[in-house]
Amino acid sequence: EEGGIGGGVAKAQEGPGSVTVYVATDDITATLNRATELGATVVMPEMQVSDEVTIALFADPEGHVIGLTKA
């Protein structure tokens, strides 16, 4: 299908590993701002990782990391 970002499955190099779920949004900055208003912490600000992919990460108040990708 179209959409989504590349990824992979592998054993963590160190520690117990983790899973990050990415949610598509039209405006990453506005979504990060709203998340912080609700108690989240920005883990990684908006960052363009390729010509087609822009991402950011935030942690909810319990520390669960959630990814954002530009729709």
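Before going into details, it helps to say that this report is about the structure given with it. (Residues numbered from 1 in each chain as written. Predicted model: local features only at pLDDT ≥ 70, side-chain atom pairs only at ≥ 80, totals over all residues. Heavy atoms only, no water.)

### Details of the environment of threonine 25
Note that threonine 25 resides in strand β1 (residues 21-25). A relative accessible area of 13% means that threonine 25 is categorised as buried. Each C-alpha atom of the pair threonine 25 and alanine 71 lies 5.1 Å from the other, and the pair is 46 residues apart in sequence. Those residues in contact with threonine 25 that lie beyond four places of it in its chain are Thr31, Leu68, Thr69, Lys70 and Ala71. Of note is the side chain of threonine 25, whose polar atom sits 3.4 Å from the backbone nitrogen of aspartate 27. (Helix = DSSP H or I, 4+ residues; strand = E, 2+ residues; numbered from the N terminus. Buried < 20%, exposed > 50% of the residue type's maximum accessible area, 1.4 Å probe, protein only. Contact = heavy atoms within 4.5 Å. Polar contact = N/O pair within 3.5 Å; in protein donor to acceptor, adjacent residues only side chain to side chain.)

### Some remarks on helix α1 (residues 28-37)
Spacing of three or four residues puts side chains on the same side of an α-helix, whose turn is 3.6 residues. Restricting attention to buried positions, one finds in α1 the residues Ile28, Leu32 and Ala35. What you see down the axis of α1 is that its buried residues fit within an arc of 60 degrees, all on one side. Close packing links the buried residues of α1 with β1, β2 (41-48), β3 (54-59) and β4 (65-70). Capping the start of α1 is the job of one residue whose side-chain oxygen sits 3.3 Å from the backbone nitrogen of threonine 29: aspartate 27. Just beyond α1, the residue with positive phi is glycine 39, at close to 110 degrees. (Arc of directions from axis to C-beta.)

### A closer look at the sheet that holds β2
Taking strand neighbours across the sheet as the criterion, the four strands line up as β1-β4-β3-β2 in an open arrangement whose pairing is mixed. Where the open sheet ends on each side, the last strands, each with one partner, are β1 and β2. Taken pair by pair, the neighbouring strands of this sheet meet at an average axis angle of 20 degrees, ignoring direction. As defined by bridge partners, β1 adjoins β4 across five bridges and the pair is classed as parallel. (Pairing = 2+ DSSP bridges. Axes fitted to C-alpha atoms, helices over the stretch in contact; angles between N-to-C directions.)

### Topic: the environment of tyrosine 22
Positionally, tyrosine 22 belongs in strand β1. Taking the C-alpha atoms as reference points, tyrosine 22 and threonine 69, separated by 47 residues in sequence, lie 6.3 Å from one another.

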